[in-house]
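Observations on chain architecture
Next come the chains, spelled out residue by residue.
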Amino acid sequence: MNFSAPRALVAGVLAAAAGMAAGHLAAGLTRPEASPVPAVGSAVIDRTPTPVKEWAVRTLGTWDKPVLLGSVSLVTLLLAATAGLLARRRPLAGVALLVLLSAVAGAAALNRPAADGQYVLPSVVTAVVGCAVLLALLPARFRVPGRATELSAYPSGMDTRRGFLLGTGTVAAASVGAAAFGQHLTGGDPSSDVRLPQAARTEPALPRGLEPTYRDISSLRTPNQGFYRVDTALVVPRVKADTWELRIDGDVRRPYTLTYDDIRAMPLIERDITMTCVSNEVGGQYVGAARWLGVRVADLLRHAEVVDPGRPGRQVLSRSVDGFTVSTPLGALTDDRDALLAIGMNGAPLPATHGFPARLVTPGLYGFVGSTKWVTRLTVTTYDAARAYWTRRGWATDAPVKPSARIDTPASLASLPPGTVTIGGVAWAQRHGVVRVEVSIDDGPWRPATLGPDVGVDYWRQWVLKADLGGTGRHSIRARVTDGRGQVQNDERAPVFPSGSSGIQEVVVLVG
Ligand SMILES: Nc1nc2c(c(=O)[nH]1)N[C@H]1C(S)=C(S)[C@@H](COP(=O)(O)O)O[C@H]1N2
Ligand SMILES: [Mo]
C-alpha cells in the first residue's frame, strides 16, 4: 500500500507530539523546568532583545506565555512534519531530525541556571519516544531500507488504512494522557501544604474601602487570585518548604543559612504594601495591594553584620531558584521602610505563583528591583561586581515607583446616560503617600476627588468624584495624583523602558 505524504506528515507530527508529551511526563517526575517546550521557551525569553519583549508584554499582556509556548510547539510540529516527509524515502534522515530537535531542547534545559544532570533526562525520553513512534508508524518497507521487495516478510499493522488509524489513535491518546499526567505533577501548589504562623505584630484590620459603595473601583486589598503576575518563569517554580533554604552571604562577617521553619519561628510582622511593575503602562493593571507577612530584611542583614555598610555602590543581589536575579540598593533594604522577606500574602501562605516559600517585597521600588520571588540567596555586594537579570538587559538600576492615578471607572469608550457619573479609581505614590487626586474633564480645571481610607504611605488610595460630564457627545476624563512631598504627577509621557511609564491617563467616553 502507498504511504502517502499526508500519512508521513501525520506520522512526523504524532512522533513529535508523543515525544514532547513523554518528555513532559518525565519532567513532571524529575525537573518540571526541563520539560522540552518550556525549556526552549525559557531559552527564547532569555535571548529575546528587550524591545521585542516589551512589545510582546504590551500587545499580549498575560497571554505572552501561552503564545510563546504555543509558538515553540508549532515550530516544533512543523519541523516534525518535515521529519515525517523525509522518513518516507530515508527513515534515518527523519529520525536524525527528531533527534536534533530533542537535542535543542536538551541543550536549552541544561542551560537553565538551576540545571543539574537530571535536566537532560526529559529530552532523552523525548528523543527515544519520538523516534520509536516515527519508526512504528512507518509501513514495513519503509522501515527496512533496501528490502522493499520482501514486504511480506516484514508485516506491519501500518500497511493497512485501518492499522494506521488504530496506531495513530493509540499514540495520540497515550500522548494526551502522558501530557495531562505530567501537567498534573507539575501543577500542584506546595503552599497548600503549610499553615501560616501568627504575626508577632499585627496591623489593625483594613478599613472599609470605597468598593462596597462603588463596585467598579478596585478593592482596597487585591485578592491573591486577582493579583497581577509578572515573571520570566514559564513553569512556575514549585519549591518545597522543607527543602528550601535562604543563604545570606557576600560582604558580611557572619554568612548564614535560614530554613522555612527558622523564619516561621521568628517574630513576624505585617505590612500593607502596594506593589507595581515597571512594565505597567499609565492606567495599566500591573499593580496590586496586599497585606504581607514576614521578617524585616534589615534584621536579617544586621544579623549577618554587613562589612562597611556605608560604602557607596552597595547592593544586595538576590537570587531565585529559577536563576533570576535582582539588584536592590542596600539602603532600601536596611532603612526604616521595612522591606520584607515575606512568607504570607493576605492571610495565606504565599501562593506558588507569587513566590512560595518566600519572596522579597520592597516598598517604593518596582518589582524588578526589590521583589524577588522564590528567593534563595541574598548576597551583599556592589553594583560594580554583579549585574542583575534586567539590568543586564538595559533596564534602570535604581527604579523608584513613579506616582500615578488610575481611572477604574468609567471604562474607556463607555456609553453613559446624561447626568451625574461616578468617576473613580486608585492612586499610588509609594514612600510618600497620596494626599490629593484631581480630575479634569475635557481639559477643564483640576477638581479634587474624594479620597478613600489612608492605609499608609506605601499603600494605594481609592478615589471617587461624581461629576456631570456635560452635553451629549464625546468627553475626556483625566486624573492625576499629588504625593506627600507636594509633587504633582508628571504629565510628560514616558514609555515603560527603562525606568517606568509616566504621563497622565485619559479616558474618553460617550454621553448620549
Ligand atoms: N524570581 C523572580 N522574581 C520576580 C520576577 C521574576 O521574573 N522572577 N519578576 C519581578 C517583577 S518584574 C515583578 S513586577 C514582581 C511581580 O510580582 P507578582 O508576580 O507577585 O505580582 O516580581 C518580581 N520578582
Ligand atoms: Mo515588573
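Residues numbered from 1 in each chain as written. Chains lettered and ligands numbered in written order. Predicted model: local features only at pLDDT ≥ 70, side-chain atom pairs only at ≥ 80, totals over all residues. Heavy atoms only, no water.

Topic: the pairing of strand β6 (residues 325-329)
Across the 5 residues that make up β6, a large majority, 5, are buried. Residues T325, S327 and P329 point to one face of β6 and V326 and T328 to the other, with burial holding for every one of them. In terms of strand pairing, strand β5 (residues 314-320) meets β6 through 5 bridges, oriented antiparallel. Opposite V316, over in β6, you have T328 as the bridge partner. (Buried < 20%, exposed > 50% of the residue type's maximum accessible area, 1.4 Å probe, protein only. Helix = DSSP H or I, 4+ residues; strand = E, 2+ residues; numbered from the N terminus. Pairing = 2+ DSSP bridges.)

Considerations on the site of ligand 1
Taken together, 19 residues are adjacent to ligand 1, and Y228, T232, H354, R359 and K373 come closest. Backbone polar atom of Y228 to an oxygen atom of ligand 1: 2.6 Å apart, as the coordinates give it. Residue S371 places a main-chain N or O atom 3.0 Å away from a nitrogen atom belonging to ligand 1. Coverage of ligand 1 by the protein amounts to 98% of the 530 Å² it exposes when considered alone. (Near = heavy atom within 4 Å. Polar contact = N/O pair within 3.5 Å; in protein donor to acceptor, adjacent residues only side chain to side chain. Areas by Shrake-Rupley, 256 points an atom, 1.4 Å probe, with all protein chains shown as cover.)

Focus: the packing of aromatic side chains
Tallying each qualifying case throughout the model produces 11 aromatic pairs. Aromatic side chains F324 and Y389 sit 5.2 Å apart centroid to centroid with 40° between the ring planes, which places their arrangement in the tilted category. Linking F324 in the loop between β5 and β6 with Y389 in helix α12 (residues 389-392), this pair joins segments that are 65 residues apart in sequence. Here F324 falls in the buried class, since its relative accessible area comes to 15%. Aromatic side chains W390 and W395 sit 6.1 Å apart centroid to centroid with 75° between the ring planes, which places their arrangement in the edge-to-face category. Across the pair, W395 and W390 agree in class, each one buried. Joined through ring pairs, the aromatic side chains of F324, F368, Y389, W390, W395 and F497 make up one cluster. Seen from the ring of Y389, R393 lies directly overhead, with NZ or CZ sitting 3.7 Å from the centre. (Phe/Tyr/Trp six-rings, centres within 6.5 Å; stacked < 30°, edge-to-face > 60°. Lys NZ or Arg CZ within 6 Å of the ring centre and 35° of its normal.)

Let's talk about the sheet that holds strand β2 (residues 256-259)
Here 5 strands make up an open sheet; going across it, the order is β2-β1-β10-β5-β6 and the pairing mixed. Each end of this open sheet is capped by a strand with a single partner; those strands are β2 and β6. Neighbour-to-neighbour, the strand axes of the sheet open up by a mean angle of 20°, direction not taken into account. (Axes fitted to C-alpha atoms, helices over the stretch in contact; angles between N-to-C directions.)

Looking at helix α4 (residues 64-89)
Taking 1.5 Å as the rise per residue, α4 with 26 residues should run 38 Å; its terminal C-alpha atoms sit 39 Å apart, in good agreement. Burial in α4 covers these residues: K65, L68, V72, T76, A80, A81, A83, G84 and A87. (Expected span 1.5 Å × (residues − 1).)

As for the UniProt feature "domain: Oxidoreductase molybdopterin-binding" (unreviewed entry) in the protein
Residues annotated by UniProt as "domain: Oxidoreductase molybdopterin-binding" (unreviewed entry) correspond here to residues 235-387. Within the segment residues 235-387, helix and strand shares are 12% and 39% respectively, and the terminal C-alpha atoms sit 24 Å apart. (UniProt positions renumbered as here; feature names shortened; annotations may be inferred.)

A closer look at the side chain of E270
Along the chain, E270 turns up in strand β3 (residues 269-276). Setting aside residues no more than four positions away along its own chain, E270 makes contact with A199, R201, T202, E203, R291, W292 and L293. (Contact = heavy atoms within 4.5 Å.)

Concerning the UniProt feature "transmembrane region" (unreviewed entry) in the protein
Within this structure's numbering, the places UniProt gives as "transmembrane region" (unreviewed entry) are residues 67-87, 94-113, 119-142 and 163-182. The span residues 67-87 is 100% helical and 0% strand by assignment, and the distance between its end C-alpha atoms comes to 30 Å. When the span residues 163-182 is considered, its composition is 100% helix and 0% strand, and the gap between its end C-alpha atoms is 28 Å.

Here we look at the pattern of salt bridges
Where side chains of opposite charge bring their charged atoms close, a pairing between them can arise. According to the stated counting rule, one finds 24 salt bridges in the structure shown. Among the salt bridges present, the one from E33 reaches R112, with a minimum N-O distance of 3.5 Å. Here E33, found in the loop between α1 (5-29) and α2 (36-47), pairs with R112, found in the loop between α5 (91-110) and α6 (121-137); they are 79 residues apart in sequence, far enough to count as distant. An identical accessibility class is assigned to E33 and R112; each is buried. For R377, the salt bridge goes to D249, with nearest N and O atoms at 2.9 Å. Of this pair, R377 sits in strand β10 (residues 375-382) while D249 sits in strand β1 (residues 245-250); the two residues are 128 residues apart in sequence, bridging distant segments of the chain. Assessed through its relative accessible area of 30%, R377 is described here as partly exposed. (Salt bridge = Lys/Arg side-chain N within 4 Å of Asp/Glu carboxyl O.)

Here's the deal with the environment of L300
Residue placement: L300 occurs in helix α10 (residues 297-304). Under the relative-accessibility criterion, L300 is labelled buried at 2%. C-alpha separation for the pair L300 and Y256, spaced 44 residues apart in sequence, amounts to 9.6 Å. In this structure L300 touches L246, I248, Y256, L258, M266, V295 and L341, once residues within four positions along its chain are discounted.

Some details on unusual backbone geometry
A negative phi angle characterises most non-glycine residues, just as the trans form characterises most peptide bonds. Note the cis peptide between T409 and P410, where omega equals 0°. Its place among the elements puts P410 in the loop between β11 (404-409) and β12 (415-416). The amide bond that connects F497 to the next residue, P498, takes the cis arrangement and shows omega of 5°. Summarising the element assignment, P498 is placed in the loop between β18 (473-483) and β19 (506-511). At D338, a residue that is not glycine, the phi angle is positive and equals roughly 60°. Tracing the backbone shows D338 in the loop between α11 (330-334) and β7 (340-345). A residue is classified by how much of its surface remains accessible, and D338, at 10% relative accessible area, is buried. Even without glycine at this site, D443 takes up a positive phi of about 60°. Residue position: D443 is located in the loop between β14 (434-441) and β15 (447-448).

Here we look at the side chain of S502
As for its position among the elements, S502 is in the loop between β18 and β19. Since its relative accessible area comes to 10%, S502 is described here as buried. Discounting chain neighbours no more than four positions away, the residues touching S502 are V282, K402, N490, E492, R493 and A494.

With respect to the packing of α2 against α5
Following both chains from N to C, one finds α2 and α5 inclined at 65°, their axes separated by 8 Å at the closest point. In this structure, α2 crosses over α5, and the sense of that crossing is left-handed. The residues of α5 that touch α2, namely those facing P36, A39, V40 and A43, are V104, A105, A108 and A109. Class assignment for the residues of the contact of α2 with α5 results in 8 nonpolar, no polar and no charged. (Left-handed = near helix turned anticlockwise from the far one by under 90°. Nonpolar A, V, L, I, M, F, W, Y, C, P; charged D, E, K, R; others polar.)

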